[in-house]
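In case you want the letters, here they are:
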Amino acid sequence: MQSKVSSPVIVALDYDSADTALAMADQLDPSLCRVKVGKELFTAAGPDLVRALVDRGFQVFLDLKFHDIPNTVAKAVKAAAQLGVWMVNVHASGGERMMTAAVDALRDCGDSRPLLIAVTVLTSTTAEELAATGVSAPLEKQVLQLASQARACGLDGVVCSAREAKMLRSECGSEFALVTPGIRPAGTDTGDQRRTLTPSEALEEGSSYLVVGRPITAAPRPLESLKSILFEISG
Ligand SMILES: O=c1ccn([C@@H]2O[C@H](COP(=O)(O)O)[C@@H](O)[C@H]2O)c(=O)[nH]1
């Protein structure tokens, strides 16, 4: 039975084994956060680990960022739904046909349909790095273009930086989920992230969910770090 979750925080379980991920999950509380399984953990531990987290009462965001031909992505999101995940994602740059195929694949899931969202521009990417890939639009315009396409295709939201949340909230409406990694409490190491905001700034800008990894998982007392973020945003 999944817990009712009272917070917008999604803890990124970026680990290389099921044992370490479950040891961290067991220090957390499924009523205080959701958890995210990304490429490292899923590649190492697979669907059984996802089921183990669901069985512990966690709502799981399966962050595999599918990016492939429409038929393959449709089948992948359907397989994710069968795992009982709460949210799954694709890359918006896969295009409208791919995103529509993903939406269509989840149509017969009924109440167990996961939220389907699309990655816009990764939060580790700078404007200069995006331009170097050949994208001529300014970074914010590119985020807006990809988010608008995702919304038009019927997706539930996007992954973006909290720095773009105000713009997307105003362009995409109040129901569109804005899932924002690159969250860094004041004074914490940004690491490889480039477009960051603090938890309270992110919510003020309009984020729906805050993805937080290392500031919680690398802290000496992860549950205390989670609670300190929840305290910051409750103010
Ligand atoms: O644009 C994106 C999309 C996904 N992520 C993922 O979020 C977490 C962030 O972890 P931190 O340790 O808080 O940096 C990580 O799993 C990424 O794969 C992202 O950062 N940006």
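Residues numbered from 1 in each chain as written. Predicted model: local features only at pLDDT ≥ 70, side-chain atom pairs only at ≥ 80, totals over all residues.

Looking up the chain in an unreviewed UniProt entry gives the name Orotidine 5'-phosphate decarboxylase, with the organism given as Microbulbifer okhotskensis. UniProt lists a comment for the chain under the heading Sequence similarities (unreviewed entry), and it reads "Belongs to the OMP decarboxylase family. Type 1 subfamily." In UniProt, the chain has this text filed under Pathway (unreviewed entry): "Pyrimidine metabolism; UMP biosynthesis via de novo pathway; UMP from orotate: step 2/2." (UniProt positions renumbered as here; feature names shortened; annotations may be inferred.)

1. Comments concerning the pairing of strand S1 (residues 9-12)
Taking every second residue as pointing to the same face, both faces of S1 are buried, with Val-9 and Val-11 on one and Ile-10 and Ala-12 on the other. Pairing between S1 and strand S8 (residues 209-212): 3 bridges, direction parallel. The partner of Ile-10 across the bridge, within S8, is Val-211. For S1 and strand S2 (residues 34-37), the ladder comprises 3 bridges, and the chain directions are parallel. Bridge pairing in S2 places Val-11 opposite Val-35. Regarding the hand of the β-α-β motif, the stretch spanning S1, helix H1 (residues 18-25) and S2 is right-handed. (Buried ≥ 20, exposed ≤ 12 C-beta atoms within 10 Å, placed from the backbone. Helix = DSSP H or I, 4+ residues; strand = E, 2+ residues; numbered from the N terminus. Pairing = 2+ DSSP bridges. Right-handed = clockwise from strand over helix to strand, strands pointing away.)

2. Quick notes on the site of the ligand
Lining the immediate environment of the ligand, one finds 15 residues, of which Ala-12, Thr-123, Pro-181, Gly-213 and Arg-214 sit closest. Residues belonging to the shell around the ligand are distributed by class as follows: 7 nonpolar, 6 polar and 2 charged. (Near = placed C-beta within 6 Å. Nonpolar A, V, L, I, M, F, W, Y, C, P; charged D, E, K, R; others polar.)

3. Side note on the UniProt feature "domain: Orotidine 5'-phosphate decarboxylase" (unreviewed entry) in the chain
When the UniProt feature table is mapped onto this chain numbering, "domain: Orotidine 5'-phosphate decarboxylase" (unreviewed entry) sits at residues 8-229. Helix and strand shares over residues 8-229 are 43% and 16% respectively, and the end C-alpha atoms of the span are 10 Å apart.

4. Remarks on helix H3 (residues 70-82)
For H3, which comprises 13 residues, the first-to-last C-alpha distance of 19 Å matches the rise-based estimate of 18 Å (1.5 Å per residue) to within 8%. The complete set of buried residues in H3 reads Val-73, Ala-74, Val-77 and Ala-80. The buried side chains of H3 occupy one side of the element, clustering within an arc of 125 degrees when seen end-on. More than 90 degrees from the buried face of H3, the exposed residues found are Asn-71 and Gln-82. Buried-residue contacts for H3 involve strand S3 (60-66), strand S4 (87-91), helix H4 (96-105) and strand S5 (115-119). (Expected span 1.5 Å × (residues − 1). Arc of directions from axis to C-beta. Contact = placed C-beta atoms within 7 Å.)

5. What to know about unusual backbone geometry
Phi is positive for Lys-65, which is not a glycine, with a value near 45 degrees. If you trace the backbone, Lys-65 turns up in strand S3. Judged by the 17 C-beta atoms lying within 10 Å of it, Lys-65 falls in the partly exposed class.

6. Looking at the UniProt feature "active site" (unreviewed entry) in the chain
UniProt feature "active site" (unreviewed entry): in the numbering of this structure it lies at Asp-63, Lys-65 and Asp-68. Along the chain, the position of Asp-63 falls in strand S3. The exposure class assigned to Asp-63 is buried, which follows from the 25 C-beta atoms found within 10 Å. Setting aside chain neighbours within four positions, we find Lys-65 in contact with Asn-89, Val-90, His-91 and Val-119.

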